[in-house]
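# Notes for the structure review
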Amino acid sequence: MDTNADPVLDDDSGEFRTAAHRAVDWMADYLDNVGKYPVLSRSKPGEIAAAFADDAPREGRALEELLVEFEEKILPGVTHWNHPAFFAYFAITGSRAGVVGEMLSAALNLNGMLWKTSPAVTELEMTVLEWLRKAMGLPDGLFGIINDTASINSYLALAAAREATGFNIRELGMTGRELPQMRVYCSDQSHSSIEKAALALGFGARGVRKILADEAFRMDVSALNHAIEEDIAAGVRPVAVSCTVGTTSTASVDPVAEIAAITRRHGIWLHVDGAYAGPATIHPRFRWIWNGIEHADSIVVNPHKWLFTPVDCSVLYTKRPDMLKETFSLVPDYLKTSESEVINYMDYGLQLGRRFRALKLWLVLSHYGTARLGDVIASHVDLAEGLARHITATSGYELAAPQSFSVVVFRKVVKRADGDVDEDASERANEALMIAINESGRAFVSQTRLRGKYVLRVAIGNGATTHEHVDRLKEFIR
Ligand SMILES: *Cc1c(COP(=O)(O)O)cnc(C)c1O
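The next thing to look at is the domain arrangement of the chain. Taken domain by domain, the chain holds domain 1 (13-40 + 79-94 + 368-478) and domain 2 (111-355). Listed as interface residues are 32 residues of domain 1 and, on the opposing side, 32 residues of domain 2. Here domain 1 and domain 2 share an interface that buries about 2,500 Å² over both sides, 68% of which is from carbon and sulfur atoms. Contact with domain 2 buries surface across domain 1, with Phe90, Ile377 and Phe405 losing the most and accounting together for 29% of the total. Put simply, domain 1 and domain 2 have two salt bridges between them. Note that arginine 285 and aspartate 382 form a salt bridge whose closest N and O atoms lie 3.1 Å from each other. Taken together, the connections running from domain 1 to domain 2 amount to nine residue pairs in polar contact (both at pLDDT 80 or more).

See the structure below:
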């Protein structure tokens, strides 16, 4: 043995090859059999953490042994997002092709901060985002960028909107100077990430005005119009309107075209949050949600939500990349680069480093093809419609919102002797129903609150879900 050898991390790929092959076999078996696990983890708080030692081991351990430990100690604490009866929140659906993309991306371990730090990272991202844009029927001429989440993408869009006010906040900041109250408008059904972005951008909670939704949970356009006119008259500066196509609680769709008529009249940035329902437009049946989208300044869609791409992969499209760049481009000497005709994605957001997320999206789009992806998504909507019909036809149950996309929101209704709904008893009954479903391990649903009422919510989005899985819910809804 050469005692003078410098320590290197891995001697060669021998152990890696064996362990990685085993891991791939494990993954294939797991994905084939994930439906046999209880959907929701049964582990108690602290149980997983207690299975581990207080300190990292001083001497390393064999990968084979660690794979066994992964199954024994970690897997019990997993809620199976891949399970075909995972109906809570919005399913995060991966796919086998997507997993291959993640494996290759991990091996390459690239950082695409600049074009030249890996031209393939930038150019494949540009290419697949053009494919996706066209496949969803979005207008020409949009700049696309992948970030981890819709939350970050909406933050970037609203930061660009803030810069587009002309207040030159990049240079002068927001403190120590006279600025009007700035405001972002969204409906009371919009995702919390919009308000969080406004908080992070210094608009304050007062800088967010939530417009009441109508009876179908869509933004009330005349209320929006009224709010903006009232604000302008009071010296408030509207910065952006964020509308949602596919809201989180009910998948309702704000009327983009009518909202755009208002934002255009006042020169306000229009942001469209399509994190969940946007990818569904890969099927022509759902393209109607984009009515008016040509007026949007920014659009968010999440392939990691309903396009079978593993987390994380959220896409921001904008027709104003100049504003993103004006907000975020800051090139220190050590990152100066000579190519002038290329895109350096670090100029269009907060983060410098960026991983190769386009690879998995390329594999998903290429392996399944847009037709099959669209058909599977449409089948989820068909399943949701079937469930909604079942609920409507079952006495003692009601839909709590119009059924939309793959979301079904419903509740059990308990009535008093006089025939009126007993709201307290109904809430308890629905909580009990949710616990019964989730503790059965056969399905996982979540809850939300609509107009103060506690309701159950089912969202279908897994590539392996069939009517057999949805029928499990029908067994509970009797
Ligand atoms: C899920 C969701 C978000 C947040 O998505 P992340 O990628 O987890 O940040 C934002 N908006 C809508 C409409 C969503 O459904």
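Glancing now at the site of the ligand. The full set close to the ligand counts 15 residues, and Ala150, Ser151, Asp273, Asn302 and Lys305 are the nearest of them. The separation between a nitrogen atom of the ligand and a polar side-chain atom of aspartate 273 is 2.6 Å. A distance of 2.8 Å separates an oxygen atom of the ligand from a polar side-chain atom of lysine 305. Against a free-state accessible area of 390 Å², the protein chains account for coverage of 88% of the ligand.

Bringing the sheet that holds strand β6 (residues 298-301) into the picture now. Backbone-to-backbone hydrogen bonds pair the strands of a sheet. The strands run either parallel or antiparallel. The mixed open sheet is built from seven strands, whose spatial order is β1-β7-β6-β5-β4-β2-β3. With partners counted over all chains shown, the strands left at the sheet margins are β1 (143-147) and β3 (208-211), one partner each. Adjacent strand axes in the sheet meet at a mean angle of 20 degrees, parallel and antiparallel pairs treated alike. In the packing of helix α12 (residues 321-328) onto the sheet, contacts are made with β1, β5 (269-274) and β7 (314-318), and the angle to β7 comes to roughly 110 degrees.

Looking now at the layout of surface pockets. To find leftover empty space, a probe the size of one water molecule is rolled over the atoms. The space that makes up the largest pocket amounts to roughly 530 Å³. Considering the residues around the largest pocket, the lining is formed by 19 residues, among which Tyr30, Leu31, Asn82, Val99 and Pro310 are closest to the centre. Of all elements in the fold, only α1 (14-33) and α4 (96-108) reach the threshold of two or more residues within the lining of the largest pocket. Among the elements that line the lining of the largest pocket, the one with the most residues is α1, at four residues. Classifying every residue of the lining of the largest pocket gives twelve nonpolar, six polar and one charged. Estimated volume of the second largest pocket: approximately 360 Å³.

Now for the sheet that holds strand β10 (residues 446-450). Strands sit in the order β8-β9-β11-β10 across an open sheet of four strands; the sheet is antiparallel. The open sheet is flanked by β8 (397-399) and β10, the only strands paired with a single partner. Taking the axes of each pair of neighbouring strands and ignoring which way they run, one obtains an average angle of 40 degrees across the sheet. Against the sheet, helix α13 (residues 358-393) engages β8, β9 (407-412) and β11 (453-459), with an angle of about 20 degrees to β9.

With respect to burial, β5 is a largely interior element, six of its six residues being buried. Neither face of β5 is open: one carries Trp269, His271 and Asp273, the other Leu270, Val272 and Gly274, and all of them are buried. The pairing of strand β4 (residues 237-244) with β5 spans five bridges and is parallel. Bridged to threonine 244 within β5 is aspartate 273. Between the parallel elements β4 and β5, the chain passes through helix α10 (residues 256-266) in a crossover that is right-handed. Summarising the sheet, β5 and β6 pair through four bridges and their orientation is parallel. Bridge pairing in β6 places glycine 274 opposite valine 301.

On the surface, Asp10, Asp11, Asp12 and Glu15 cluster together to form a negatively charged patch. By the element assignment, aspartate 10 lies in the segment before α1.

So, on to the pattern of salt bridges. Using the criterion set out here, one finds 30 salt bridges in the structure. Residues aspartate 231 and arginine 183 are paired through a salt bridge, measuring 2.9 Å at the closest nitrogen-oxygen approach. With a gap of 48 residues between them, aspartate 231 in helix α9 (residues 221-233) and arginine 183 in strand β2 (residues 182-187) connect regions that are remote in the sequence. As far as the burial class goes, aspartate 231 and arginine 183 line up, both buried. It is possible to trace a salt-bridge network through shared partners that takes in Glu102, Asp312, Arg355, Arg357 and Lys360.

Moving on, we come to unusual backbone geometry. Omega for the bond connecting valine 311 with aspartate 312 falls within 30 degrees of zero, at 0 degrees, which places this linkage in the cis form. Its location among the elements puts aspartate 312 in the loop between α11 (303-306) and β7. We note that alanine 251 has phi near 60 degrees; this positive angle belongs to a residue other than glycine. Looking at where alanine 251 falls in the secondary structure, it is placed in the loop between β4 and α10. Phi is positive for phenylalanine 308, which is not a glycine, with a value near 60 degrees. Among the secondary structure elements, phenylalanine 308 is positioned in the loop between α11 and β7. You can call phenylalanine 308 buried: its relative accessible area is 5%.

What counts, and where the lines are drawn
- Residues numbered from 1 in each chain as written.
- Predicted model: local features only at pLDDT ≥ 70, side-chain atom pairs only at ≥ 80, totals over all residues.
- Heavy atoms only, no water.
- Domains from an automatic or database assignment.
- Contact = heavy atoms within 4.5 Å.
- Buried area = accessible area lost by both parts, 1.4 Å probe.
- Salt bridge = Lys/Arg side-chain N within 4 Å of Asp/Glu carboxyl O.
- Polar contact = N/O pair within 3.5 Å; in protein donor to acceptor, adjacent residues only side chain to side chain.
- Near = heavy atom within 4 Å.
- Areas by Shrake-Rupley, 256 points an atom, 1.4 Å probe, with all protein chains shown as cover.
- Pairing = 2+ DSSP bridges.
- Helix = DSSP H or I, 4+ residues; strand = E, 2+ residues; numbered from the N terminus.
- Axes fitted to C-alpha atoms, helices over the stretch in contact; angles between N-to-C directions.
- 1 Å grid on protein atoms, 1.4 Å probe; cavity = no way out; pocket = protein on both sides within 12 Å on 5 of 7 lines; lining within 4 Å.
- Points joined across faces, edges and corners; volume = space filled by probe spheres on them.
- Nonpolar A, V, L, I, M, F, W, Y, C, P; charged D, E, K, R; others polar.
- Buried < 20%, exposed > 50% of the residue type's maximum accessible area, 1.4 Å probe, protein only.
- Right-handed = clockwise from strand over helix to strand, strands pointing away.
- Patch = residues over 30% accessible without salt bridge, like charges linked within 9 Å, V, L, I, M, F, W, Y side chains within 5 Å.
- Lys, Arg positive; Asp, Glu negative; His and termini not counted.
- Charge placed at Lys NZ, Arg CZ, Asp CG, Glu CD.

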